[in-house]
Amino acid sequence: MARRWAVVLEDISQAYGNQPEDYSNAVRALVQHSKQVPIGLAQIKEIVVGKPVAQTPIQLNTKSSFCLSSALKKYLAEKRKTWNPKAIDANERNLGLKIETFIQIVGDRDCATLNTSHVLDYKGKLLQLPANRTKRKEYRSLSLAEVLDMEIPESHLLSAETLSGHLNKVSAFLDWGYRNGLMKADLKLPLQRVIKKPKRAISQRDAFSPDDLKKLFNSDQYLNGNHKQPSHFFVPLLALFTGARQNELCQLYKTDVYREQETGIWVLDINENGDEKHLKKPSHARMVPIHPQLIELGFINFVESTTTERLFTDLKFKRDGYGQSFSRWFNETYRNSNNCNVGQGIGESKNFHSFRHTFITKMMNEYDIPQHKIAHIVGHRPNDGSETTQRYTKLTEIKARYKIIELIEYSSVDFDAIRRFL
């Protein structure tokens, strides 16, 4: 409803902006009738101005040339103002790369000359592109045209989720171009409803099986104490017993681990209080009680012995945060056929994020924990509409979360056999 009134106010401004008295009367009428709930936008306008405001089509600016790359710079400059300051670089990179791919395909042409055939050409070629084109050795040295001339194996193509992300971002860019008088109307229509809604996050990665967990945590690294860095030892264990995201764990500070004074419960305080700390969404901030098994394995002793601000100083901040270098190590170590070869069976899709799905699936299926309680622990948006940020966490809620956390058991893993990290 607020958006509807905003549209009305903008129309009033366009219709009466040069007529101060009529403008003032229209705004007063808007205020007087603001508590009404009209069915449609036309009724709102009729209430405010006594008659529908004439809809003036957006005029395309054909007098001055404005290329797509210039439009992208302008678009990103506007978007930056709406983003969380800590996420600006990542958001701009993610959005920019998708729209730059569009520009590479259709050419850096004048915005006014862009038409539906260009958009259709982009859509068709996007469906032919491989994932990680700039990283895969078979494609990274090739131009876009050369890649499009290749016969790309279906297993290399962009996933439905990635395709949906590209199409949505470019669609929004084209809509912005139209609303700013740079592009023709309806250019975004060919990009809509192309890809079915991506699978829910919980089904995008497989959970680890009991056998996977046994191979990983009773591996040579854990049994013989061959981990060279504290992150290599503790981060997988933390993920197993908290369901936290990789970057949330890799960026932890020493001060994020403490005993809550009134309950005496050890907690992980997952937040973005730090220059290089970032959460996917502010609502992901939360307090997660620490499982007794983690304390048995020496996690609290490690934290208390740490003399640095960050817990895992062996991890360096990179483009995607502290988790990027850890992710590479994890894959090379545990998804390696010469070692554990975890999650590499036919048809399996498992990586570090599978810890999160393992944790969530266990709580749902084995312990029948209500989804809204799981959401508070793992940083999902609860179905009950309540907040997950730690400042609203009541002491009774911390106790309730601890009772859930301490239920979690992984019978396939012999934790007593794990050699403690020194």
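Residues numbered from 1 in each chain as written. Predicted model: local features only at pLDDT ≥ 70, side-chain atom pairs only at ≥ 80, totals over all residues. Heavy atoms only, no water.

Trainee: Would you mind going over the pattern of salt bridges with me for this structure?
Mentor: Summed over the entire model, instances satisfying the criterion amount to twelve salt bridges. The shortest N-O distance in the salt bridge between R245 and E248 comes to 2.7 Å. E248 carries the same exposure label as R245, and that label is buried. Among the charged side chains, a network of salt bridges with common partners joins D175, R179 and K188. (Salt bridge = Lys/Arg side-chain N within 4 Å of Asp/Glu carboxyl O. Buried < 20%, exposed > 50% of the residue type's maximum accessible area, 1.4 Å probe, protein only.)

Trainee: Before we go on, may I ask you to explain the packing of aromatic side chains in this structure?
Mentor: Two measures describe an aromatic ring pair: the distance that separates the ring centres and the angle between the ring planes. Tallied over the entire structure, the rule returns 25 aromatic pairs. With 5.3 Å between their ring centres and 45° between their planes, Y222 and F233 make a pair best called tilted. Placement of Y222 in helix α11 (residues 220–223) and of F233 in helix α12 (residues 230–242) is noted, with a sequence separation of eleven residues between them. Like Y222, the residue F233 is buried in the burial classification. K277 extends its terminal NZ or CZ atom over the ring of Y253, reaching a point 4.5 Å from the ring centre. Looking at R310, its charged tip hangs above the ring of Y322, at a distance of 3.6 Å from the centre. (Phe/Tyr/Trp six-rings, centres within 6.5 Å; stacked < 30°, edge-to-face > 60°. Helix = DSSP H or I, 4+ residues; strand = E, 2+ residues; numbered from the N terminus. Lys NZ or Arg CZ within 6 Å of the ring centre and 35° of its normal.)

Trainee: Teacher, can you tell me more about the environment of V303 here?
Mentor: Inspection of the secondary structure assignment puts V303 in helix α15 (residues 299–305). Judged by its relative accessible area of 3%, V303 falls in the buried class. With 46 residues separating them along the chain, V303 and V257 place their C-alpha atoms 7.4 Å apart. If we ignore the near neighbours within four places in the chain, the residues touching V303 are K254, V257 and L311. (Contact = heavy atoms within 4.5 Å.)

Trainee: I would appreciate a short explanation of the packing of helix α4 (residues 68–80) against helix α5 (residues 88–106) in the present structure.
Mentor: Angle between the axes and distance between the axes are the two parameters that describe a pair of packed helices. Where α4 contacts α5, the axes come no closer than 11 Å and their chain directions differ by 160°. Compared by their axis directions, α4 and α5 come out roughly antiparallel. Crossing geometry of α4 relative to α5 is assigned as right-handed. Across the interface between the two elements, L68, S69, L72, Y75, L76, K79 and R80 of α4 pack against I88, E92, L95, G96, I99, E100, F102, I103 and V106 of α5. (Axes fitted to C-alpha atoms, helices over the stretch in contact; angles between N-to-C directions. Parallel < 35°, antiparallel > 145°, perpendicular 65-115°, else oblique. Left-handed = near helix turned anticlockwise from the far one by under 90°.)

Trainee: Could you clarify how one ought to interpret the sheet that holds strand β1 (residues 257–259) in this entry?
Mentor: Pairing between the strands of a sheet comes from backbone hydrogen bonds, and it takes one of two forms, parallel or antiparallel. Strand order across the open sheet formed by three strands is β1-β2-β3, with antiparallel pairing between neighbours. Pairing within the sheet leaves two strands with one partner each, and these edge strands are β1 and β3 (286–289). In this sheet, adjacent strand axes meet at a mean angle of 35° when their direction is disregarded. Two strands pair when backbone bridges link them, and strand β2 (residues 266–270) and β3 are joined in this way by four bridges, in the antiparallel orientation. What sits directly across from V267, in β3, is P289. Contacts between helix α19 (residues 395–405) and the sheet are confined to β2 and β3, with β3 contributing the most and set at about 45° to the helix. (Pairing = 2+ DSSP bridges.)

Trainee: How should I be thinking about the environment of D206 in this particular structure?
Mentor: Here D206 is to be found in the loop between α9 (201–204) and α10 (210–217). For the pair D206 and S354, spaced 148 residues apart in sequence, the C-alpha separation works out to 5.9 Å.

Trainee: So what exactly am I meant to see when it comes to the confidence of the model for the protein here?
Mentor: A low pLDDT means the predicted coordinates there should not be read in detail. Looking at the protein, the pLDDT average stands at 83 and 79% of residues meet or exceed 70. In the model of the protein, α9 stands out as the element of lowest mean pLDDT, 45, in contrast to α12, which has the highest, 97. Considering only residues more than four positions removed or in separate chains, one finds that residues 198–204, a stretch of pLDDT under 50, has ten contacts. Predicted confidence is poor over residues 384–392, with pLDDT under 50, and the contacts of this stretch with residues over four places away or in other chains come to 21 contacts. (pLDDT = per-residue confidence, 0-100.)

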